[in-house]
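As a plain string of letters, each chain reads:
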Amino acid sequence: MHFEWSDLRYFLAVARSGTTLGAARALDVNQTTCARRITALERALNTTLFERSASGYKLTSQGSALMEQAQFVEAGAEAFGRPVEALRTERGLIRFTTSDWMVEQIAQTAITQFARKRPDIRIALEVSDRKLDLIGGEADVALRGGFSLNEPALIARKVAETPWAFYCSVGYAERHGAPRTMDEALRRPLATPAGRAEVLFREWHANVNISYSTNSTATLVDAIAGNDFVGILPMPVGDARHDLHFCCPVEHVTPSIWIVYPERLRRAQHVRAFVDHLSTHTKHWRQQHRRTASAALAEEATER
């Protein structure tokens, strides 16, 4: 019998939330990916782990019997990295990960400033739009965007709120007219971040036309600028591009920026020093980028 170890994360997330949508939000993946991985695990184990119904997923007797073992594997994965973690702690190394746009706008300056203050602590930066597994030891500290972060064994410090908005290219606005409301924007060909944002837009509008999605913000910006898409971006990202046209705000939700690290590093002094510095820097950055969606709409109305 062979199965993917990583499928146990999906199994635990669905068992804990009771739905593939809830699990997808917790893991920040697409709902269809979550359902597919559960089906693959069941096929590999040759058993049914969940009873499916309109109300969600309920563990079968076989699934309940495996729940405890899956939790042991989860705990073992966390424990596996502890010896290396201890060695890293002694050496003052922090493996830090964040996305492409957060490096450009926030993290690179923060790291440079921190290095001047604490030359005894080395920051190893990995830029990735994939959310690295902090519990499994892929990184120590992450700067992430999201709506809510409540994964067990992780500490999540909310440091800023960042409104999102719809943008299109200047050329698109001239050819087709820019949408002025979210309802109108959702009827246009859309380019969106992959993952939970994509799931949310499908919830809000049954016939939403998502023509393009990617987990890379830099790639998303280029796709919006170079194609006939209306796209969703953090306002500090969209506003920084002169070839993009602000259309209208994303309503209902305001994603936040979080500093995330494992519970096991709570008392690591070098980690706390970096987290505190990054928190202060990110809050200062947000103060410098205070343009809100309402202010942007007022500017658009004045220009018209």
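Preceding block: the structure.
Residues numbered from 1 in each chain as written. Predicted model: local features only at pLDDT ≥ 70, side-chain atom pairs only at ≥ 80, totals over all residues. Heavy atoms only, no water.

## A look at the packing of helix α1 (residues 7-17) against helix α2 (residues 20-27)
Keep this limit in mind: A fitted line through C-alpha atoms represents every axis, and for helices the fit uses only the stretch in contact; the resulting angles, taken between N-to-C directions, go from 0 to 180 degrees. Counting from the N terminus, the helices are the DSSP runs of H or I reaching at least four residues and the strands are the DSSP runs of E reaching at least two. Convention used here: angles under 35 degrees read as roughly parallel, angles over 145 as roughly antiparallel, angles from 65 to 115 as roughly perpendicular, and any remaining angle as oblique. By the definition used in this description, the sense in which the near helix is turned from the far one sets the handedness, with an anticlockwise turn below a right angle giving left-handed and a clockwise turn giving right-handed. Contacts were defined at the residue level, with two residues in contact if any of their heavy atoms lie within 4.5 Å. Only Asp, Glu, Lys and Arg are considered charged, only Ala, Val, Leu, Ile, Met, Phe, Trp, Tyr, Cys and Pro nonpolar, and every remaining residue, Gly among them, polar.
Where α1 meets α2, the closest approach of the two axes is 8 Å, and the angle between their N-to-C directions is 120°. Between α1 and α2, the crossing angle belongs to the class labelled oblique. In the packing of α1 onto α2, the handedness of the crossing is right-handed. Facing R9, Y10, A13, V14 and S17 of α1, the residues of α2 in contact are T20, G22, A23 and L27. A breakdown of the residues in the contact of α1 with α2 according to their chemical character gives 5 nonpolar, 3 polar and 1 charged.

## Some remarks on unusual backbone geometry
The condition is simple: Throughout, exposure labels follow a simple rule: accessible area from a 1.4 Å probe, protein chains only, divided by the maximum for the residue type, with under 20% read as buried, over 50% as exposed, and the rest as partly exposed.
Positioned with a positive phi, N46 is a non-glycine residue whose angle comes to about 55°. Along the polypeptide, N46 turns up in the loop between α3 (31-45) and β1 (50-53). The class for N46 is exposed, based on a relative accessible area of 71%.

## What about the packing of aromatic side chains?
The test is simple: Between 30 and 60 degrees the pair is tilted, below 30 it is stacked and above 60 it is edge-to-face, where a pair is any two Phe, Tyr or Trp rings, Trp via its six-membered ring, whose centres lie within 6.5 Å.
Throughout the structure, instances matching the rule amount to 7 aromatic pairs. Summarising the aromatic geometry, the rings of F114 and F274 are spaced 5.2 Å apart at their centres and angled 70° between planes, so their arrangement reads as edge-to-face. Of the two residues, F114 sits in helix α6 (residues 100-117) while F274 sits in helix α12 (residues 269-288), which places them 160 residues apart along the sequence. Accessibility classification places F114 together with F274 in one group, the buried group. Note on Y212 and F229: the rings are 5.8 Å apart at their centroids and 25° apart in plane angle, and the pair reads as stacked. Separated by 17 residues along the polypeptide, Y212 in strand β9 (residues 210-214) and F229 in the loop between α10 (217-226) and β10 (230-234) bring together distant segments of the chain.

## Remarks on the pairing of strand β11 (residues 244-249)
Looking along a regular strand, one sees the side chains alternate between the two faces of the sheet. Just so we agree on the cut-off: Between any two strands, pairing holds if DSSP finds at least two bridges.
Burial within β11 is extensive, with 6 of its 6 residues counted as buried. Here strand β7 (residues 164-169) pairs with β11 via 5 bridges, running antiparallel. Within β11, the residue paired with Y167 across the bridge is F246.

## A short note on the sheet that holds strand β6 (residues 154-161)
The mixed open sheet is built from 5 strands, whose spatial order is β4-β3-β5-β12-β6. Looking at which strands have only one partner, the edges of the open sheet turn out to be β4 (122-127) and β6. On average, each strand axis in the sheet is inclined to that of its neighbour by 25°, with strand direction left out of account. In the sheet, β6 pairs with strand β12 (residues 256-262) via 7 bridges, with the strands oriented antiparallel. If you follow K158 over to β12, its bridge partner there is W258.

## Side note on the packing of α1 against α3
At a closest axis distance of 9 Å, the pairing of α1 and α3 adopts a crossing angle of 110°. Classed by the angle they form, the pair α1 and α3 counts as roughly perpendicular. In the crossing of α1 with α3, the sense of the turn from one axis to the other is left-handed. Side by side, α1 and α3 meet where D7, L8, Y10, F11 and V14 of the first sit next to T33, C34, R37, I38, A40 and L41 of the second. Classifying every residue of the contact of α1 with α3 gives 8 nonpolar, 1 polar and 2 charged.

## Considering α2
Helical geometry: 3.6 residues make up each α-helical turn, so side chains three or four residues apart lie on a common side. Note the following rule: Arc, as used here, means the arc of the directions from the helix axis to the C-beta atoms.
If you check which residues of α2 are buried, you get T20, A23, A24 and L27. Along the long axis of α2, the arc covered by the buried residues comes to 100°, so they all point the same way. Along its buried surface, α2 packs onto α1, α3 and β2 (56-59).

## Side note on the pattern of salt bridges
How we decide: Put simply, a salt bridge is a Lys or Arg side-chain nitrogen that is within 4 Å of an Asp or Glu carboxyl oxygen.
In the structure shown here, the tally under the stated rule is 13 salt bridges. The residue D7 makes a salt bridge to R37 at a minimum N-O spacing of 2.3 Å. Of this pair, D7 sits in helix α1 while R37 sits in helix α3; the two residues are 30 residues apart in sequence, bridging distant segments of the chain. As far as the burial class goes, D7 and R37 line up, both buried. Among the ionic pairs, E263 bridges to R266, the shortest N-O distance being 2.7 Å. Put simply, D222, R241 and D243 are held in one network by salt bridges that share partners.

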